[in-house]
Amino acid sequence: MHGQWSSRLAFILAVAGSAVGLGNIWKFPYVAGQNGGGAFVLVYLLCVFVVGLPIMMSEVLLGRRGRRNPMSTMRILGQEESGNRHWQLIGVGGLLASFLILSYYSVIGGWTLHYVVLAARDTFIDANAEILQSEFNGLVSSVGNLTFWHSVFMGLTAVVVARGVEQGLEAAVRFLVPALVAIMVGLLVYAITSGDFAAGLRFLFEPDFSKLTPTALLIAMGQAFFSLSVGMGAVMAYGAYLPQEESIINTSIAVVSADTAIALLAGLVIFPIVFANGLDPAEGPGLVFQTLPLALGQMPGGSLVGTLFFLLLAFAGLTSAISLLEPVVAWLVETRGMRRGSAGLLAAFGVWLLGFFTVVSFNVAADFKFLRGTFFDNIDFLTSNILLPMGGFFVTVFAGWVMCPNSSADELDPTAGTIYKIWRVLARFVVPVAVALVFLNAIGVFS
Ligand code: PFF
């Protein structure tokens with residue numbers, strides 16, 4: 001049987017720690033940039049609140065009801081509610097997704113660590129866009145450098161998970177997220193005063209629907225899942241520790257709003273810098289690393305602020321990485337009878353090895369392209385845009401259709417009030433239909 005979070009705040013902090021990470025600050029701006037801005041952002045926001053939020057509620061409610069790791073939870077609830085054990089496949093898909101995501105997440109986490117060192121060494125001071133571009137290219141073209149930082153990031157993740165995650169996580173997130181937001185607000189002031197803020201705003205919020213290809217639509221939905229950490233059981237795993245008297249509805253709304261606000265904040269900082277310096281919004285995964293240092297290099301105390309910023313970003317990535325490794329480790333411990341320490345090391349070693357595919361995707365194997373592009377492109381596409389939406393689809397179908405209304409109301413709101421009713425309509429109809437339509441559209445059924 002599981003323990004419990006010390007308070008509702010502890011749960012919010014843990015889920016926020018999982019949700020807020022590289023996805024908000026590194027990934028959101030670059031995918032929004034690659035997919036034309038405004039219309040993409042609008043679809044992303046819609047997906048966050050209409051699809052992602054009800055899925056998050058469903059995951060927490062299933063987690064709290066099952067009180068085990070996601071796979072065992074789905075097996076037991078499936079049996080209880082429908083006599084069918086196969087629902088545990090949702091847990092299997094989730095484990096696969098977390099394993100794959102972490103393999104590249106750790107490489108990017110390594111980039112942020114490298115940038116801590118660059119900032120501390122005054123590299124950004126008065127650097128222009130060209131210098132920063134070659135600095136970034138220098139990093140990603142070096143297999144040795146990438147491997148070193150990937151190993152450091154993965155090692156840190158493994159140590160925290162192997163020692164048991166609860167202690168420390170709360171305290172870290174409590175400090176981390178506000179500190180990160182404070183620095184971002186400082187950078188926002190820079191973007192407003194020294195960047196092309198109007199152009200940035202227009203790019204982010206003026207929808208041009210001609211840019212919204214079926215694939216862009218799928219990527220916007222995938223980004224919503226990725227950023228909220230839903231669709232793979234991470235939130236379900238944390239929900240297992242939520243005390244019965246806490247409101248799932250309120251906590252989910254709080255986390256989803258905070259996560260989305262931070263992503264938008266990142267966009268509002270980055271795009272004004274992009275346009276003021278004639279950079280390309282569709283630059284790709286290097287976008288943040290080539291834009292923020294420009295601002296940092298020009299502001300007073302930029303080296304210190306930059307060091308802190310990348311350090312905080314690395315930590316935000318670490319709390320997300322922990323939530324990716326934890327389900328794999330919990331599964332090895334609870335069903336394979338391994339000791340936590342060995343399970344943590346084994347899982348981390350596997351992820352670390354797989355990470356090489358991402359490492360070489362930026363250099364020696366950059367020209368080796370298949371399906372969606374490099375290895376990295378494919379792992380990213382498969383996880384964010386296929387596995388997570390599929391996981392979310394089945395989680396809500398289970399919570400909305402298979403689970404009896406008494407059980408779900410019991411967890412969400414025993415008085416079965418308005419918000420419960422809205423959740424149920426979203427979970428039964430809107431989420432499954434929306435995910436299915438976006439999928440079908442992306443494989444060309446409607447064109
Ligand atoms: N939500 C994290 C981020 O935005 O960086 C990434 C992530 C963590 C995705 C955990 C999925 C997950 F289960």
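Above this text is the structure in question.
Residues numbered from 1 in each chain as written. Predicted model: local features only at pLDDT ≥ 70, side-chain atom pairs only at ≥ 80, totals over all residues. Heavy atoms only, no water.

Asker: Kindly report on the pattern of salt bridges, identifying the contributing residues and their values.
Answerer: All chains considered together, the criterion is met by six salt bridges. With a closest N to O distance of 3.7 Å, Asp410 and Arg65 form a salt bridge. Of this pair, Asp410 sits in helix α17 (residues 405-412) while Arg65 sits in helix α3 (residues 38-66), placing them 345 residues apart in sequence. Of the residues examined, Asp410 reaches a relative accessible area of 43% and is grouped as partly exposed. What makes Arg65 partly exposed here is its relative accessible area of 27%. The closest approach of N and O atoms between Glu411 and Arg65, which form a salt bridge, is 2.9 Å. (Salt bridge = Lys/Arg side-chain N within 4 Å of Asp/Glu carboxyl O. Helix = DSSP H or I, 4+ residues; strand = E, 2+ residues; numbered from the N terminus. Buried < 20%, exposed > 50% of the residue type's maximum accessible area, 1.4 Å probe, protein only.)

Asker: Describe unusual backbone geometry, and please don't skip the residues or the numbers.
Answerer: One non-glycine residue, Ser229, lies in the positive phi region at around 60°. Within the secondary structure layout, Ser229 lies in the loop between α10 (214-228) and α11 (234-239). According to the relative accessible area criterion, Ser229 is buried, its value standing at 10%.

Asker: Could you give me a rundown of the layout of surface pockets, with the residues and numbers involved?
Answerer: Roughly 540 Å³ of internal volume is contained in the largest pocket. As for the largest pocket, its lining consists of 27 residues, and the residues nearest its centre are Tyr30, Gln34, Pro285, Phe376 and Asp377. Among the elements of the structure, α2 (22-34), α6 (129-140), α10 and α16 (375-402) are those that each provide at least two residues to the lining of the largest pocket. Top contributing element to the lining of the largest pocket by residue count: α16, with six residues. Of the residues assigned to the lining of the largest pocket, the class counts are ten nonpolar, eleven polar and six charged. (1 Å grid on protein atoms, 1.4 Å probe; cavity = no way out; pocket = protein on both sides within 12 Å on 5 of 7 lines; lining within 4 Å. Points joined across faces, edges and corners; volume = space filled by probe spheres on them. Nonpolar A, V, L, I, M, F, W, Y, C, P; charged D, E, K, R; others polar.)

Asker: Which residues make up the nonpolar core, and what values go with them?
Answerer: Core analysis: the biggest nonpolar cluster contains 157 residues, and Trp26, Leu62, Trp111 and Phe309 have the highest contact counts within it. With sequence-adjacent residues up to four places away left out, Phe309 is seen in contact with Ile25, Leu180, Ile183, Met184, Leu187 and Leu292. (Core = buried A, V, L, I, M, F, W, Y, C linked by side-chain atoms within 4.5 Å. Contact = heavy atoms within 4.5 Å.)

Asker: Tell me what's going on with the site of the ligand, and back it up with residues and numbers.
Answerer: As a structural note, the neighbourhood of the ligand is formed by 15 residues, with Gly23, Tyr105, Phe226, Ser229 and Met232 the closest of them. Here an oxygen atom of the ligand and a backbone polar atom of Leu22 are 3.1 Å apart. One of the side-chain nitrogen or oxygen atoms of Tyr105 is found 2.5 Å away from an oxygen atom of the ligand. Burial of the ligand by the protein amounts to 100% of the accessible area it has alone, namely 340 Å². (Near = heavy atom within 4 Å. Polar contact = N/O pair within 3.5 Å; in protein donor to acceptor, adjacent residues only side chain to side chain. Areas by Shrake-Rupley, 256 points an atom, 1.4 Å probe, with all protein chains shown as cover.)

Asker: Give me the packing of aromatic side chains: which residues, what numbers.
Answerer: In the structure shown here, the tally under the stated rule is 30 aromatic pairs. For the pair Phe148 and Trp149, a centre-to-centre distance of 4.9 Å together with 75° between the ring planes defines the contact as edge-to-face. What makes Phe148 partly exposed here is its relative accessible area of 48%. Between Phe203 and Phe271, the ring centres sit 4.8 Å apart and the planes meet at 40°, which makes this aromatic pair tilted. Taken together, the residues span a long stretch of sequence, with Phe203 in helix α9 (residues 197-205) and Phe271 in helix α12 (residues 248-276) at a distance of 68 residues. One exposure class covers both Phe203 and Phe271, and it is buried. Three or more aromatic residues joined by ring pairs form one cluster here, namely Trp26, Tyr30, Tyr104, Trp111, Tyr115, Phe124, Phe136, Phe289, Phe309, Phe310, Phe362 and Phe376. In this arrangement the basic side chain of Lys27 is found over the ring face of Phe226, its NZ or CZ atom lying 4.2 Å from the centre. Above the plane of the ring of Trp401 lies Arg428, whose end atom (NZ or CZ) is 3.9 Å from the centre. (Phe/Tyr/Trp six-rings, centres within 6.5 Å; stacked < 30°, edge-to-face > 60°. Lys NZ or Arg CZ within 6 Å of the ring centre and 35° of its normal.)

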